[in-house]
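One-letter residues, chain by chain:
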Amino acid sequence: MLCASGRLLAARTATSLPAPPRGRGPALRCPRRELHFPGNPDPPSWDCLAGRLTRASASPHRRVILRRGRMPPAVGRGLAGSELRLRRSRCGPRAAGRDVAIQAAARSPKRPAPGSWRFEVAGRRAMLALVTLLSFATRFHRLDQPRHICWDETHFGKMGSYYINRTFFFDVHPPLGKVSSVMLIGLAGYLSGYDGTFLFQKPGDKYEHHSYMGMRGFCAFLGSWLVPFAFLIVLDLSNSLPAALLTAALLTFDTGCLTLSQYILLDPILMFFIMAAMLSMVKYRSCANRPFSAPWWSWLSLTGISLACALGVKFVGLFIILQVGLNTIADLWHLFGDLSLSLVTVGKHLMARVLCLIILPLVLYMAIFAVHIMVLNKSGPGDGFFSSAFQARLSGNNLHNASIPEHLAYGSVITVKNLRMAIGYLHSHRHLYPEGIGARQQQVTTYLHKDYNNLWIIKKHNTNSADPLDPSFPVEFVRHGDIIRLEHKETSRNLHSHYHEAPLTRKHYQVTGYGTNGTGDSNDFWRIEVVNRKFGNRIKVLRSRIRLIHLVTGCVLGSSGKVLPKWGWEQLEVTCTPYLKQTLNSIWNVEDHINPKLPNISLDVLQPSFPEILLESHMVMIRGNNGLKPKDNDFTSKPWHWPINYQGLRFSGANDTDFRVYLLGNPVVWWLNLVSIALYLLLGSIIVVAMQRGAQLPTKVEGLTRVLLQGGGQVLLGWMLHYFPFFLMGRILYFHHYFPAMLFSSMLTGILWDTLLRLCAWGPASSSLARAVHAVGILSLLLGAAYSFYLFHPLAYGMVGPLAQDPRSPMAGLRWLESWEF
Amino acid sequence: MLEVLKRPVVVTTNINLNIVALTGVGLLSRLWHLSYPRAVVFDEVYYGQYISFYMNRVFFLDDSGPPFGHMLLALGGYLGGFDGNFLWNRIGAEYTSNVPVWALRLLPALAGALSVPMAYQIVVELRFSHCTAMGAALLLLIENALVTQSRLMLLESPLIFFNLLAVLSYLKFFNCQKHRPFSLPWWFWLMLTGVACACAVGIKYMGIFTYLLVLGVAAVHAWHLIGDQTLSNVLVLYHLLARAVALLVTPVTLYLLFFYIHLTLLCRSGPHDQIMSSAFQASLEGGLARITQGQPLEVAFGSQVTLRNIFGKPLPCWLHSHQNTYPIIYENGRGSSHQQQVTCYPFKDVNNWWVVKDPGRHQLVVSNPPRPVRHGDVVQLVHGMTTRFLNTHDVAAPLSSHAQEVSCYVDYNISVPAQNLWRLDIVNRQSDRDTWKTILSAVRFVHLNTSAVLKLSGAHLPDWGFRQLEVVGEKLSRGHHESMAWNVEEHRYGTSQEQRDRELELHAPTQVDVSRNLSFMARFSELQWRMLTLRGEDAEHKYSSTPLEWVTLDTSIAYWLHPRTSAQIHLVGNIVIWASASLATATYVLLFLWYLLRRRRDVHDLPEDVWLHWVLAGTLCTGGWALNYLPFFLMEKTLFLYHYLPALAFQLLLLPLVLQHVYDHLCRSRVQRHLFSTLVVAWYSVACHVSNKLRPLTYGDSSLTPGELLALRWRDSWDILIRKS
């Protein structure tokens, strides 16, 4: 009750006095405290009163708003409007929810009528519709062009086909992106007959009769939502329609976002979920005044779902998770410090967040993964990356329902697989180590794919017992601690090591294939040991973890995991390591086992549990990601190139007769974004220092600075989280990695310029002049973005004809940087 | 005047005997039998060679850290009169008599010894009791790993010394701040903070973590200062400026100064020259300077040049060609043009010479006056020995099949025309009329027909190419890369049209001393860049370890073994201290969180000033530990146990603080306090006992029997060496 009256007091002072009291009184604190009480029913009397207030002053200003149309001042919204919004349990913008009185006080003398909120909402909806429409129109325009594979479509399209054919494959990204495109492909398959038969071999291949529009359409559909999402986020953060419009315009008219949304790529899907997560987080935070209400719950769980999906598309989704996490911690910290809340309530808050932001996404993510694993149940090109146990799940793989002899015997033909993930099988081939690299003997490597050259025959060290098929030899099992020889089946050379340095890891010894027809020397002897077993035990296929110890030098056979140069066919190095530390690199298991003298037993190979599968696939993905290292002498895109739009990516075509699409940000938009970040940092630090010095800001400015610091800070954090981690990454980077950060940076630009123009206009001028300055400023920015889009649109929609270096080209004047190539 | 004389001259001093005593025992523990063993111990083999380089003033490049640490060690050698004549080739080699072992090991030992009283002072400045401070110092004193590390020619103990000095002087400064800002001690300690930070960074890049810690704390304090509205704006500005000068400008200046001294000292060419650019090499005595001295500066039409690739990876090399041609069919079945090979060759060779020719004229000599080649000019490059033209065409290169093959054109009359015109593009030009300068200009050769750029691909050719490096024509549109830039290294004006005479030509028309053209900043930035980007082989080492193994002391390093007995030096920590230090850190973090949450709910367990001291102490000690430890998880280089020691030093400071806090605030009753004190004393005696047990491994002075050594092997992963006899 007290609160309500307090609020009224504020409202009255606001309406009656042009110069309102400064924001420290009880009247100002009160609403905020009240807002934290869950389920505190609003007093009915207040409702009426508010309604009366609204009606009383509605009529004279309604027309003003109507005429002014889109641009009501951000902070000076109608008081009753915000009150009513609270009443109707709509989740109003946070700024409105928190300090209503300050806002009320901060209105300009000629504020819009309190009743105008309805028109304002209508105006916002209309704008939202317009923005959405424009976004869809630009994204779907000429979507079918070019009629051939562009850039990475070759990968992702191919993976889509794998899904349709249910073939197992390996990729460095989590599977959701492809799952969802496959869902679409399934749909499109019914409608337009894509059957997964198109090969997606290389960029430039014509689609011909294959239906590809379904897939592109799906990506464009998701990509189109980015603009309305950004619009809503900015609207919510800044509570200013012009700022939201500016952001939407920047994104709609950015050629880069447009191009990226038009093809079968993961990025539109990823960005969709990032923005969805951001939007629902912002929405749920603005519902903070009504915790545990239905919208609060739904936005909270939507945040969780979007997070899981974002992570499921690409690991870049981690950054948005980080952002939501930081926000949640700040939120909880805030709630925890609110002494009016009981610990039980705080505990409820905590549990709700744990449930919606941790458990729900985790379950969802694992569910996506389970689908992925279940769909892909056929053996395919990705098998060798995974452990033997993992492969046993794949139908068509020789380990699926394996029926092989259980114990290793002399004379068996085997393949030996390294236990470390993504190292592969012990392998040899007829090529020799090149001159100058150890002894010039046959190479021994590890190889990820199944191949005849992975086969080895296990023999006794002293007898060259010839034919294992010869029935006169009794079957003799290999036991732990035996001295053996491994003969390469195809070339009849023995696995051999000696005191020469290994090709890459200089401190290890070289491993070679040596001898002719199985006759070598004493350097071919290896002691076979099972990890953690006693002497004399038999060795089990698949299950025993074995080590091979070189008898003469005492070193252990292992793979360093390093990629050999061209002469080694880029297979992985095998060495004999003198350091006896037990690492997975030097532990092996026997995978295939052929011995006609032994009965084949149906082996129930260690069926991995779901968590094991999950863990293993992720380890392999991470290793795969780390493996994408750039070479020294190649030009690679560096993170600092990106914000300055230094160089684009060629999506299609290079010559003047080709249909060329070039992924490049609209330079006007991008450079504006760049300037805005600098400006924001400058302005932000001035304000923060001024506040720390205790400067007394005028109330209106205070409202603006709050938007700038809180709303702007939120998106700035997003930009930093989506940009700076790339500086630490060792893998190959591409220009398109910047686009999630670019979305945030555009939002910052929207908020900054709107606030800045208001601040500028606020100073000396009368309010009508101030409004005019603001309107002209925003309009010129909007028109500038649109005009630059008109100039640069051929980049996205495709162009044919002479290259831009050529003065005859229509794009001739637009090659502002030498590094652009269109 | 007379007034002065009337009074007696009185000097009153306060001597804290604690500090004196601690310094004494610190020196004793670190300096005792310092020159034993008279043999190369572990990483001395590595630092020793740099000391020798300093003594001989030979240029070297070490990517492990900035030069201040190396210079510090070399200073010891200089004071001891070391002549640099010792071959540092293996651990365990006996020092010859000309090596002043004691002097060489003195500075690290002093640094280690002085860290002990410094720990005492830090704890006192943190406003904890003298007893606690003694505890911290004594822990530092008896910690075996710290003793071992500071008694040898290694850089960890100076690093720890400067880390602690930075923290100490910041604390002193901070305590001055309240009462006497801008006084003499205030300035002194503030400047000393900056200097100590610079020294720490100058010893090892790791020092940057402590620097960041101090900067962070200083920034927070400065932020409070800004918020202090009792100060005028001008005063706040003065405060901020003083901090900026001391903590930002001074360290940067000092860092540059280290490099300046380093480059001034090392003026002779040496084994690492090849890694540096031609211009850098030319600035060193001997080496390239001897060759390039007096060669003409501006390249003219008719000049004979050698062209060195600027990127120089994987190997520094020169553009090269020879009689042999590309094989008609490669191993993978692709075909070539079968023209003469063009490669990049890492050795000086007569086949590296090229003549710059004007396409419009026939002569291969420099006209009089010489016509300099300018940016944008079209040139042909003629191979000196075979007189063939550098050529590229739309044929896939042997290894990098996406790029064009570069060859020296051989006319087979099979409708493959010569395409041998190249446009000169000076990358580092000042204006578009710049001339092509020897050594200084980085140029690209842009092919006129295909706009491909001459580039070192980095791949090694197979046997038919004699394992030389592949050179290709890469489309410029793929972006600029340093491997496309070349510079002229050796240069002379050609005067003879006849090929036979060409190699005998000797000319020196203009005298230009190139070395003067390279400023210190240019040399510094090049050296610093090379140090940061030089990728050493990530050698696996027998004693390398992972950061996780450090906290639990699951690893150790054998430093040295006596050639006959089993006396040995072994880097291994005092396991009791390590365990309790980790425990203390965990306790601190938990307690801190607990208090923080309680304070948030308005429950104040601690008085405000105690809380502030608790936070400051924790920030510095736990923060110092975390900053010096956690980043190692992200590093990909080979790591050793000794990388943990700077973090450990901070942890040891924290341990007594936590104990005192428990005693003061958690032990409620007198009985509890007595009990707790007894426990602490018992714990400390155990630590001393352990320390004493491990002493033979620390000092390496007494030979233990295999049985005793086995008894010391408290963890299976400790590789204590046991001599079989």
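Predicted model, so just to flag it, every value in this text is computed and none were measured.

## A look at the interface of chain A and chain B
Across the contact, 35 residues belong to chain A and 39 residues belong to chain B. With both chains or domains summed, chain A and chain B bury close to 3,000 Å², and 46% of this area falls on carbon and sulfur atoms. Counting across the interface, chain A meets chain B through zero salt bridges. For the pair chain A and chain B, the number of links is 10 residue pairs in polar contact (both at pLDDT 80 or more). In terms of residues, the side of chain A that touches chain B owes the most to one element, helix α17 (residues 317-337) of chain A, which gives five residues. Looking at the side of chain A that touches chain B residue by residue, the classes come out as 13 nonpolar, nine polar and 13 charged.

## Here's the deal with the state of the cysteines
Inspection of every chain in the model, using the stated rule, returns two disulfides over all chains. Paired through a disulfide, Cys 555 of chain A and Cys 576 of chain A show a sulfur-sulfur distance of 1.9 Å. Its torsion about the S-S bond being 100°, the disulfide of Cys 555 of chain A and Cys 576 of chain A is classed as right-handed. Taken together, the residues Cys 555 of chain A in the loop between β10 (546-550) and β11 (556-563) and Cys 576 of chain A in strand β12 (residues 572-577) connect sequence positions 21 residues apart. Side by side, Cys 555 of chain A and Cys 576 of chain A carry an identical accessibility label, which is buried. With no disulfide of its own, Cys 131 of chain B lies 14 Å from the sulfur of Cys 688 of chain B, the closest cysteine sulfur. Its relative accessible area of 63% is what places Cys 131 of chain B among the exposed residues.

## Let's talk about the confidence of the model for chain B
All names here are of chain B. Across chain B, pLDDT averages 87, with 94% of residues at or above 70. Across chain B, the secondary-structure element scoring lowest on mean pLDDT is helix α14 (residues 499-502), at 58, and the one scoring highest is helix α9 (residues 184-203), at 95. Within the model, the stretch residues 506-512 combines pLDDT values under 50 with 13 contacts to residues more than four positions away or in other chains. Listed scores for the predicted complex are pTM 0.79 and ipTM 0.78.

## Brief notes about the packing of aromatic side chains
Counted by the stated rule, this structure contains 88 aromatic pairs over all chains. Ring centres of Tyr 723 of chain A and Phe 727 of chain A lie 5.3 Å apart, and the angle between their planes is 70°; on these two criteria the pair is classed as edge-to-face. On the basis of relative accessibility, which here comes to 5%, the residue Tyr 723 of chain A falls in the buried class. Pairing Tyr 46 of chain B with Tyr 50 of chain B gives two aromatic rings, centres 5.4 Å apart and planes at 85°, and the pair type is edge-to-face. Taken as a pair, Tyr 46 of chain B and Tyr 50 of chain B lie in helix α3 (residues 44-56) at a separation of four residues, close to a single helical turn. A relative accessible area of 26% places Tyr 46 of chain B in the partly exposed class. Exposure remark for Tyr 50 of chain B: the relative accessible area of 6% places this residue in the buried category. Geometry around Tyr 410 of chain A places Lys 460 of chain A over its ring, the cationic atom sitting 5.4 Å from the centre.

## Side note on the pattern of salt bridges
Counting across every chain of the model gives 23 salt bridges over all chains. Taking the shortest distance from any N to any O, the salt bridge between Asp 331 of chain A and Arg 285 of chain A comes out at 3.4 Å. One end of the pair, Asp 331 of chain A, is in helix α17; the other, Arg 285 of chain A, is in helix α15 (residues 267-286), with 46 residues separating them in the sequence. A residue is classified by how much of its surface remains accessible, and Asp 331 of chain A, at 11% relative accessible area, is buried. We note a salt bridge from Lys 204 of chain B to Glu 156 of chain B, for which the minimum N-O separation is 2.9 Å. One end of the pair, Lys 204 of chain B, is in the loop between α9 and α10 (207-227); the other, Glu 156 of chain B, is in helix α8 (residues 156-179), with 48 residues separating them in the sequence. Under the relative-accessibility criterion, Lys 204 of chain B is labelled buried at 11%. Where salt bridges share partners, they join Arg 285, Asp 331 and Arg 353 of chain A into one cluster.

The rules behind these values
- Sequence order as written defines the numbering, with residues in each chain counted from 1.
- As they are written, the chains are lettered A onward and the ligands numbered 1 onward, keeping that order.
- Residue-level local features of this predicted model are given only where pLDDT is at least 70; pairs of side-chain atoms are given and counted only at 80 or more, and the full residue set underlies all totals for whole chains, interfaces and linings.
- Heavy atoms throughout the structure, all of them, feed into the side-chain values; hydrogens and water do not.
- Contacts: residue pairs with any heavy atoms within 4.5 Å of one another.
- Once two parts are put together, the accessible area they lose, assessed with a 1.4 Å probe and summed over both, is termed the buried area.
- Salt bridges are defined as contacts in which a side-chain nitrogen from Lys or Arg sits within 4 Å of a carboxyl oxygen from Asp or Glu.
- Think of a polar contact as two N or O atoms within 3.5 Å of one another; within protein, one of them needs to be a possible hydrogen donor and the other a possible acceptor, and neighboring residues in sequence only count if both atoms come from side chains.
- Where helices and strands are cited, they refer to DSSP runs of H or I of at least four residues and of E of at least two residues respectively, numbered from the N terminus.
- When residues are sorted by character, Ala, Val, Leu, Ile, Met, Phe, Trp, Tyr, Cys and Pro go into the nonpolar class, Asp, Glu, Lys and Arg into the charged class, and all the rest, Gly among them, into the polar class.
- The rule for a disulfide is simple: a pair of cysteine sulfur atoms within 2.5 Å.
- We call a residue buried when its accessible area falls under 20% of the maximum for its residue type, exposed when it is over 50%, and partly exposed in between, using a 1.4 Å probe and counting protein chains only.
- Every residue is assigned a pLDDT by the predictor, reflecting its confidence on a scale from 0 to 100.
- A pair of aromatic rings is counted whenever rings of Phe, Tyr or Trp (Trp by its six-membered ring) have centres within 6.5 Å, and the orientation is called stacked for planes under 30 degrees apart, edge-to-face for over 60 and tilted otherwise.
- Put simply, a charge is over a ring when the Lys NZ or the Arg CZ is close to the ring centre, within 6 Å, and near the line of the ring normal, within 35 degrees.

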